[in-house]
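Topology and contacts: notes
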Amino acid sequence: MEKLSKNHDLTKIKAIGGAAQQALVWWKSHPNSPLQNLDPRLPIHVQVTSQFLSIPNSAVAQDTSAHTHALALEAALGGPDHMAARVGTCAHASLIAAQLLRVREAWPDIWSRTGRVQVASSFLASLLCGGYVSMGEAEACATGLWSHVSATGAASGTPSHWDEGVLEIVGGNREEGRRIYNWLGDVDISGGRRRLGTVSRYLIDRYGFDPDTIVTPFTSDYLSTYLSLCPSPSDAVLSFGPMDVLMTPAPHFLPTRLFHIFPHPAQDSSEKRRYVAMLTSRNADVPRALVRDMYTKSWSAFDRLVAIVPPGGSIGLDDKLFSFWLLQSDSHPLGHVKGIFRFETGVKVNEFRDLRANPRCLLESQILSFRARWSRMIATGVLGPNAGRSRNASTTPSPISNQAKRPSSTAHNMGLPFDPYDYNPLPSRVLATGAAANFPSIANLVGDIFNAPALVPTTQIDAAQIVPHRNAPPPGFPARATLGGAYVARWVWGKEKGTSAGTGRGGFEEEVRRLLAKRWATAGGAPLRTNINAPGITSKTASAAGSGTSTPYGGRSGLGANVLVEVDEEEVEELDSIRQTNYGLGIGNAFGDGLSGASRLRTITGSTMDSVLSGSTLGDTPSTAFTTPDLGSMTSPNPAGTGDTSTATPPQSTTTLTPVTAMLTSDAELQMGLAKVADPDVDAFMSYAAIVPEYCRLEGMLVKGLV
């Protein structure tokens, strides 16, 4: 607020939305809210101090310390299927109900002095409103304490509610369960299209807000990211980060252990109820960073290594490599499995003979996991009878949309409950966000495994030209979760003001699309500006190598950070000062191969691999796992074939990652602020479909504890 008030006229702000991660804020018992009657002469942090909180440093979404409590709660409710049917989710490491249970058992003194708990998103909204505000139903469904009733059940007179039986288990008795009920407060089950209130007197007096500025419902960061992309019914949203999340629209509320499902956080009370189905993986950024450190030492080498290793880590058709990096307890069915597992020719090994296969095998495992779990989710019917998702409705159709469909049966599917070669149940587009989506190799893998074009927000593409490895955007670029909150604020404000965007002619996504289409027409087809200092981009063609022309920084630098962590403004300022000294490295010669940043790094296939990797180490003694592979030797085969690398090209110096750049994209996608970064490849899709059964077999062995 201090920064905004110094650089912007806050009287022009009409509505405020927002998001936060799924975590709890623990308030002490207090007769009056400490957010009331704040002194506008003082900053808020000196008035709302830790003395008002029973747990000053509460668990964040990545905390896994309550996992055993989550499993105990699941067992008390009759197992994962019974728990999912009752509260919409089964046990996972960051379940809020489990965090409550852990605090009650471990710290009874903290429990006794607590007077209220809020999810972080409601806490932030409360700071703006100057008093406690309730959470939305989507957030309540994620707690493991809420019993959602579908429209059919609601019609019979049973509304959604806090499950008193679950509250009693968490609290230890009925009285404590009732106490938790009072802590959590009421839940907004209207759908989210209403104001929470107006900005507090404190914000008006201290920062100059208009007294009529409204505060709209806040939600979780993942759901807000989903809202910022306005996915179509046939789309999937893939958010990379500390936890990878795959989300898609769902017309039905059919909870099972296979996925999480939440009420859509932005829908009008007059609409037919809509939902968001979610698949998660906790083993995301951390394994990727660990594999980088163990085998490459830089993200650029990591990305390049993935690009030159063949699919499955091997040229052969029957000797594919598989790896599972389960550093944390993950989602079903791998909730009880931990460790690093590698398989060659179906046999568990401690390390691959060719160390260079590790980065690619990790990424393939992560994305194949989503591919397999998506197909299992489809089988439940949660996405409706036409789960083929009408691929032809996509503005970027599949290249095999006219291909004849294979007969579907268990015999043809090699024991799987789905046909791995059938593209119809897969999403028509994958809308990707997060730092990992900036990697050309990862974008290509997503497109190949799902046989769908991968699209990334244009804001992220331009931000990646400055800092490609960070989940947080550089200054001046919007974060997706924040943008989703702004869209909700505009949507609610439009209804209250009776504007054309609030006439109720469609759902949230339809009205945001209508607004952006109107802006597109008014601007004469100019794409959305990607940051606060950029002029509008008028070109609809693919961006040039290292495109950063729409950013205030111009061309991108070759210098950047090499870890997936949150960005600090001081680091960006330092990076900018270094950039001005012209120490940057050119993109085209990053690996001495003259590849253009705009060209797609296609995986080398078997037809070309013999000549390119004739000096492969598949049969040789592997080098130490902590040595950066000699990328020069990968493209400089040893003619003698003796395995002697003494005359090989010396390793290239560390360079920065060359991020994805925009390909030719349709106007319909550009006006939504999306750009295509990878096309589907039917041959690659079929090659991955062929290894899905073996991947699922090995996964089943891990689940059963056979390896």
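Residues numbered from 1 in each chain as written. Predicted model: local features only at pLDDT ≥ 70, side-chain atom pairs only at ≥ 80, totals over all residues. Heavy atoms only, no water.

What about the overall build of the protein?
Inclusion rule: A run of DSSP states H or I qualifies as a helix once it reaches four residues; a run of E qualifies as a strand once it reaches two. Both are numbered from the N-terminal end. Note on contacts: a residue pair is in contact if any heavy atoms of the two residues lie within 4.5 Å. Under the convention used here, a 1.4 Å probe and the Shrake-Rupley method define accessible areas, while residue burial counts only the protein chains that appear.
Check the secondary structure of the protein and you find 24 helices and 22 strands. Within the protein, counting contacts between residues at least 6 apart in sequence, those at least 24 apart form 73% of the total. Surface summary for the protein: the accessible area is close to 28,600 Å², and the carbon and sulfur share equals 54%.

Structural notes on the sheet that holds strand 4 (residues 53-55)
To keep things clear, this is the line we draw: Criterion used throughout: strands pair if DSSP finds at least two bridges between them. Each axis is a line fitted through C-alpha atoms, taken for helices only over the stretch in contact, and angles between the N-to-C directions span 0 to 180 degrees.
Pairing is antiparallel across the open sheet formed by three strands, whose spatial order is 4-3-5. Either end of the sheet is taken by a strand with one partner, and the two such strands are strand 4 and strand 5 (114-119). Between one strand and the next, the sheet's axes are offset by a mean angle of 40°, whatever the strand orientation. Pairing of strand 3 (residues 24-28) with strand 4, which is carried by two bridges, proceeds in the antiparallel orientation. Along strand 4, the bridge assignment pairs tryptophan 27 with leucine 53. Most of the contacts of helix 6 (residues 120-129) go to strand 5, to which it runs at about 100°, and overall it touches strand 3 and strand 5. Its contacts with the sheet put helix 10 (residues 174-184) on strand 3 and strand 5, and the angle it makes with strand 5 is roughly 55°.

Some words on the sheet that holds strand 11 (residues 214-215)
Within the open sheet, the three strands sit side by side as 1-11-10. Their pairing is mixed. What marks the edges here is a single partner per strand, and that holds for strand 1 (15-16) and strand 10 (197-198). Examined bridge by bridge, strand 1 and strand 11 share two bridges and lie parallel to one another. In the strand pairing of strand 11, isoleucine 16 is matched with valine 215.

Looking at helix 13 (residues 285-295)
In an α-helix, one full turn covers 3.6 residues, which means residues spaced three or four apart are oriented alike. Test applied: Any residue under 20% of the maximum accessible area for its type is buried, any over 50% is exposed, and the rest in between are partly exposed; the area is computed with a 1.4 Å probe on protein chains only.
By the criterion of burial, helix 13 is predominantly enclosed, with eight of the 11 residues buried. Turning to helix 13, its buried residues number three or more, namely Asp285, Pro287, Arg288, Ala289, Val291, Arg292, Met294 and Tyr295. Contacts made by the buried residues of helix 13 are with strand 14 (244-250), helix 14 (299-308), strand 17 (321-326), strand 18 (339-344), helix 15 (357-379) and helix 16 (440-450). Among the residues trailing helix 13, lysine 297 stands out with phi positive, at a value near 75°.

Remarks on the packing of aromatic side chains
As a reminder of what qualifies: Within 6.5 Å between ring centres, the rings of Phe, Tyr and Trp (the latter by its six-membered ring) count as paired, and their orientation is classed by plane angle as stacked under 30 degrees, edge-to-face over 60, tilted in between. The criterion for a charge sitting over a ring is simple: Lys NZ or Arg CZ within 6 Å of the ring centre, and within 35 degrees of the ring normal.
Enumeration over the complete set of coordinates arrives at 13 aromatic pairs. Aromatic pair tryptophan 27 and tyrosine 132: ring centres 5.6 Å apart, planes at 65°, arrangement edge-to-face. Taken as a pair, tryptophan 27 in strand 3 and tyrosine 132 in the loop between helix 6 and strand 6 (135-136) lie far apart in primary sequence, 105 residues in all. Take tyrosine 132: its relative accessible area is 30%, and that puts it in the partly exposed class. Site record: aromatic cluster; members linked through ring pairs are Trp26, Trp111 and Trp183. Its guanidinium or amino end placed over the ring of tyrosine 181, arginine 178 lies 4.4 Å from that ring's centre, counting from NZ or CZ.

Notes on a nonpolar patch on the surface
Inclusion rule: Residues form patches when they are more than 30% accessible in relative terms and have no salt bridge. Like charges link within 9 Å. Nonpolar side chains (Val, Leu, Ile, Met, Phe, Trp, Tyr) link within 5 Å. Take a side-chain nitrogen of Lys or Arg and a carboxyl oxygen of Asp or Glu: if they are within 4 Å of each other, that pair is a salt bridge.
Taken together, the side chains of Val286, Leu290, Leu327 and Ile340 present a nonpolar region at the surface, about 270 Å² in accessible area. Topologically, isoleucine 340 is positioned in strand 18.

Here we look at the nonpolar core
This is how it is decided: The criterion is simple. A nonpolar core is a set of buried Ala, Val, Leu, Ile, Met, Phe, Trp, Tyr and Cys residues joined through side-chain atoms within 4.5 Å.
Formed by 72 residues in total, the largest nonpolar core has its most connected members in Phe324, Trp374, Val446 and Phe450. Of all hydrophobic cores here, the second largest spans 66 residues; its members include Leu73, Ile110, Ile214 and Met278.

Looking at the packing of helix 13 against helix 15
We count it as follows: Should an angle fall under 35 degrees it is taken as roughly parallel, and over 145 as roughly antiparallel, whereas 65 to 115 is taken as roughly perpendicular and any remaining angle as oblique. Asp, Glu, Lys and Arg are counted as charged, while Ala, Val, Leu, Ile, Met, Phe, Trp, Tyr, Cys and Pro are counted as nonpolar; the rest, among them Gly, fall into the polar class.
At a closest axis distance of 10 Å, the pairing of helix 13 and helix 15 adopts a crossing angle of 170°. As the angle between them shows, helix 13 and helix 15 are arranged roughly antiparallel. From helix 13, Pro287, Arg288, Val291 and Tyr295 reach across to helix 15, where they touch Asn358, Pro359, Leu362, Leu363 and Gln366. Of the residues assigned to the contact of helix 13 with helix 15, the class counts are six nonpolar, two polar and one charged.

Focus: the environment of leucine 10
With respect to the helices and strands, the residue leucine 10 is situated in the loop between helix 1 (2-7) and strand 1. The sequence separation of leucine 10 and isoleucine 204 amounts to 194 residues, and the corresponding C-alpha distance is 9.4 Å. Those residues in contact with leucine 10 that lie beyond four places of it in its chain are Leu4, Ser5, Tyr207, Gly208, Phe209 and Asp210.

Topic: unusual backbone geometry
Of note, the amide linkage connecting histidine 332 to proline 333 takes the cis form, showing an omega dihedral of 10°. Despite not being glycine, asparagine 37 shows a phi value in the positive range, around 60°. By secondary structure assignment, the location of asparagine 37 is in the loop between strand 3 and strand 4.

Some words on the pattern of salt bridges
Considering all chains together, one arrives at 30 salt bridges under this definition. Close ionic contact of arginine 104 with glutamate 105 constitutes a salt bridge, the shortest N to O distance being 4.0 Å. With a relative accessible area of 23%, arginine 104 lands in the partly exposed category. Put simply, arginine 429 and glutamate 669 hold a salt bridge, and the shortest N to O gap is 3.2 Å. One end of the pair, arginine 429, is in strand 20 (residues 429-433); the other, glutamate 669, is in helix 23 (residues 667-670), with 240 residues separating them in the sequence. Of the two residues, arginine 429 and glutamate 669, neither departs from the other in class, the shared state being buried.

Details of the packing of helix 2 (residues 67-76) against helix 4 (residues 96-106)
The geometry of helix 2 relative to helix 4 is characterised by a closest axis approach of 8 Å and an angle of 105° between their N-to-C directions. Taken together, helix 2 and helix 4 sit at an angle that is classed as roughly perpendicular. The segment helix 2 lies against helix 4, with His69, Ala70 and Leu73 engaging Ala97, Ala98, Leu101, Arg102 and Glu105.

Here we look at the confidence of the model for the protein
Stated formally: Here pLDDT means the predictor's own confidence in every residue, given as a number from 0 to 100.
Across the protein, the average pLDDT comes to 81, with 77% of residues at 70 or higher. When the criterion is pLDDT under 50, residues 390-411 qualifies, and its contacts beyond four places in sequence or with other chains add up to 46 contacts.

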